[in-house]
Amino acid sequence: MASAISFSDANSGFQAGIINGPANTEFHYHAPPERPETPPNPSIIIPFSRDADFVERGTILDQIDQKCAVLGSRTALVGLGGVGKSQLAIEYAYRIRERSPDTWVFWVHASNATRFEQSFKDIANCVKIPGRQNVKADIFQLVHDWLRNESKGRWVLILDNVDDARFLLDNQPSTSASVSKPLREYLPQSENSCILITTRSREAALKLVEPYDVIAVDPMDITHALALFEKKLGVQEDNKEDIAELVTVLEFMPLAIFQAATYITERWPRCSVRQYLEQFRKSDSKRTSLLDYNGGQLRRDREAKNSIIITWQISFDHIRQTRPSAADLLSLMCFFDRQGIPEAVLRSRGKEGNDQGDRKERDDNDEWDGNEVHSSQSSQSDEFEEDVMALRHFSFISVNTDGITFEMHSLVQLATRKWLEAYGQLEKWKQQFITNLCEHFPTGEYENWVVCQALFPHAKSAATQQPEEQSSLLEWATLLNHAAWYTWRRGRAADTQELAAKSAKARKKVYGQDHEDTLSSIRTLALAYSLGGRWDEAEELEVQILETSKRVLGPEHPSTLISMANLAATYKDNGQWDDAEKIQIEELQICKRVVGPMHPDTLVSMSNLASIYNKQGRWGDAEELGLKVIEAYKRVLSDEHPDTLVSMSNLASVYSNQGRWDDAEELAVQVMERRKKNLGTDHPDTLTSMNNLAFTWKAQGRNVEAIGLMRECVWLRERKLGPDHPQFIASSHYLADWDAEQGEAHPPAHEGVVEDAGT
């Protein structure tokens, strides 16, 4: 027989004397009855103090107020980690408490199930829910029932850091005695409620709220960013320009701004805003070091990192675990320029695929199944779209209005590269970036300018990211040489020199000095010198290139012919007209024989020879040859092509030298207007047209118009070519003489315009 023995004061036990047979015992635990507790008054349960330095950010708090004022509403703040979502929620909580003292405000840490449960226990203790201390109590159900009870008054529940909503949607193991349904169902829909969610993931937000209840939290604007920095900086800094520059390079990210302010304050006066900026600009590694700084932040969850780099890398890890292909896409995108990242270049990820499969030979008996190919392409497209959505949901990328290009924050790119470095993947994805961009970046010819212009910022980015592996280094050199070709055609000497020099150095390292590709890059470098007015240096290089080309490639090789034409042009610029004529005639004869009389290369040679005749004073020969070239160009190319315009400009110069001013003016005006439209106002060729037209007007006695146009030309030439360029110097002298003739003082150099001199 079971024995139950009770003692006083809720004690219980079992006593036995001598027992000769078996004994069964049964114990009963009687929990003490809970003493009735006085219900507390509504209060705010939040683990953070209010921020006295909080900066109002436009209308975001107004939007939160508006949405949360609707009874039973659920609203989500979505944005990058470190953009200030939790800070907005904290400020909103305190404002609600100020406006409505009868409203409960609860804060729930919602980064995982364990912390979610602990927050519910804290709520139960705060509001003194009966039965909460029972070890078998379902704490979620108790809090849920209390929240549903409208007699408890109005309440606001803030779910902070719901970056992964899966633990709310699925049945999760819990320390509670019994959890019978997904945790999301313990968030009641109540007429006296408002739930505010903060999350980095739009995908997570949309599992809890409607799309129209999502508020996007973007970085601050410059006014609010400046205000935040100045409030957080604990020392006096009067250099407003430095502060504005700093918050700009930090991309107006509140956490990054707080980090910088804390870093400077702790090291003051040995570190100023200017010194921080100087350190930040030094290199990727220095920027990473500064942004890794984990300075104290009183109003961030204990699990949240105060380093914006680490904050984002936590999200990167999540994406890597849940959708590896999206992490791969992010890894590729972090090497591009931050703006205008083209979808077409991103989709070319073939090299990263299955190498064994790529090398497998197709059996002759296999037949292509068009449906299979279409299905595969469709599947790849769907996968790409899903990857894009995954990154957009975390605000790591955005889609431009054209629908085919993307943008990223440069600090996100930096954090991604640091993350790749930690996983030993940096070089792999750098090489993939170079392969894709090299595949899509064409030569710098006129017909490719639209593509080159779109891709050039990414080529500039690639120029700072030299790869280690030899085959990738050669792709890098090819990419840079194509980009240099483009900038030369666009009249940008400094860019051309920088890119061509890097390309030549890389190719020389792999191929040696005499390889055709090495010579191509050196030839582009010589063109940069010539464009910049450094004709002696250009001549020295071109003589070397020509000698090597003849010896290694042969006298009739296309590269040799290009080298001959370039050297002839440099001789012409240096006033060595007889030497220029000799080489140009030889090169033209070979071109006619090798590629034909109407080939564009042959026409360029004819145009150059006509220009040499003009310089020699052989105006009849120059006019005759020039007219032939223009007619041929119009048939082979177009009226608008830059090469056609060069020949027309040369012919206008011939007319001027012949004293045919009206003919010269008519042609010069056409060329100048077309160059302005196609090349830009400050292109060196456009400035040549301005210079030449000014001379024509001066000869016609139109002095005021001539001086005005030359002044514009001088100003543009100084800005574009620099004060040491021969063409700027020449135009400046002519302008000074013309002003003197008019009895005017020579104007300051900055009031003139700059471009290269006439051909």
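Residues numbered from 1 in each chain as written. Predicted model: local features only at pLDDT ≥ 70, side-chain atom pairs only at ≥ 80, totals over all residues. Heavy atoms only, no water.

Caption draft 1: Focus on unusual backbone geometry. Cis rather than trans, the peptide bond between Trp268 and Pro269 has omega equal to 5°. Secondary-structure assignment places Pro269 in the loop between α9 (254-267) and α10 (273-282). A positive phi angle, close to 60°, is found at Lys128, a residue other than glycine. With respect to the helices, strands and loops of the structure, Lys128 is situated in the loop between α3 (113-127) and α4 (139-148). In this model, Asn161 sits at a positive phi of 65°, which is unusual for a non-glycine residue. Tracing the backbone shows Asn161 in the loop between β6 (155-160) and α5 (166-169). (Helix = DSSP H or I, 4+ residues; strand = E, 2+ residues; numbered from the N terminus.)

Caption draft 2: Examining helix α25 (residues 577-594) more closely. Taking 1.5 Å of rise per residue, the 18 residues of α25 would be expected to cover 26 Å, and the 25 Å separating its terminal C-alpha atoms lies within 8% of that figure. Those residues of α25 lying buried are Ala580, Glu581, Ile583, Gln584, Glu587, Leu588, Ile590 and Cys591. Check the buried side of α25 and you find it contacts α24 (558-573) and α26 (600-615). (Expected span 1.5 Å × (residues − 1). Buried < 20%, exposed > 50% of the residue type's maximum accessible area, 1.4 Å probe, protein only. Contact = heavy atoms within 4.5 Å.)

Caption draft 3: Quick look at the nonpolar core. One finds Phe229 and Trp312 to be the most contacted residues of the largest nonpolar core, which totals 118 residues. Here the element with the most residues in this core is helix α20 (residues 470-489); it accounts for 8 residues. Those residues in contact with Trp312 that sit more than four places away from it in its chain are Leu80, Gly81, Met253, Phe396, Leu411, Val412 and Ala415. If you look at the next biggest cluster of nonpolar residues, it comprises 37 residues, including Val108, Phe140, Trp146 and Ile195. (Core = buried A, V, L, I, M, F, W, Y, C linked by side-chain atoms within 4.5 Å.)

Caption draft 4: How the structure looks around helix α7 (residues 222-232). Where α7 is concerned, the buried positions are His224, Ala225, Leu228, Phe229 and Lys232. For α7, the angular spread of the buried residues around the axis is 135°, confining them to a single face. Where the residues of α7 are buried, they touch α8 (240-249), α9 and α10. (Arc of directions from axis to C-beta.)

Caption draft 5: Quick peek at the sheet that holds strand β11 (residues 405-408). Here we have 3 strands laid out as an open sheet, ordered β9-β11-β10, and antiparallel in their pairing. Strands at the two margins of the open sheet, each flanked by one partner only, are β9 (341-342) and β10 (397-399). Sheet topology note: the β9/β11 ladder contains 2 bridges and is antiparallel. Bridging from a neighbouring strand, Ile341 pairs with Phe406 of β11. (Pairing = 2+ DSSP bridges.)

Caption draft 6: Structural view of the packing of aromatic side chains. All chains considered together, the criterion is met by 23 aromatic pairs. Considering the side-chain rings of Phe116 and Phe167, the 5.9 Å spacing of their centres and the 70° angle between planes classify their relative orientation as edge-to-face. Of this pair, Phe116 sits in helix α3 while Phe167 sits in helix α5, and the two are 51 residues apart along the sequence. Residue Phe116 is classed as buried on the basis of its relative accessible area of 0%. (Phe/Tyr/Trp six-rings, centres within 6.5 Å; stacked < 30°, edge-to-face > 60°.)

Caption draft 7: Highlighting the sheet that holds strand β5 (residues 104-109). Reading across the sheet, the 6 strands line up as β3-β5-β6-β7-β4-β8 and stay open at both edges, with parallel pairing between neighbours. Strand pairing shows two members of the sheet lacking a second neighbour, β3 (44-45) and β8 (214-216), which therefore form its edges. As defined by bridge partners, β3 adjoins β5 across 2 bridges and the pair is classed as parallel. Paired with Ile45 across the two strands is Phe106, which belongs to β5. Seen against the sheet, helix α1 (residues 60-68) touches β4 (73-78), β7 (193-199) and β8 and runs at an angle of roughly 155° to β4. Here helix α2 (residues 85-99) sits on the sheet and contacts β3, β4, β5, β6 and β7; the angle it forms with β7, its principal contact strand, is near 160°. (Axes fitted to C-alpha atoms, helices over the stretch in contact; angles between N-to-C directions.)

Caption draft 8: Looking closely at the pattern of salt bridges. In this structure the tally under the stated criterion is 45 salt bridges. In this structure, the salt-bridge partner of Arg274 is Glu245, at a minimum N-O distance of 3.9 Å. Taken together, the residues span a long stretch of sequence, with Arg274 in helix α10 and Glu245 in helix α8 at a distance of 29 residues. (Salt bridge = Lys/Arg side-chain N within 4 Å of Asp/Glu carboxyl O.)

Caption draft 9: Region of interest: the environment of Glu343. Along the chain, Glu343 turns up in helix α14 (residues 343-347). Considered as a pair, Glu343 and Phe406 are 63 residues apart in the sequence and their alpha carbons are 7.5 Å apart. When residues no more than four places from it in sequence are discounted, the contact partners of Glu343 are Phe384, Glu385, Gly403, Ile404 and Phe406. A polar side-chain atom of Glu343 sits 2.7 Å from a polar atom in the side chain of Arg347. (Polar contact = N/O pair within 3.5 Å; in protein donor to acceptor, adjacent residues only side chain to side chain.)

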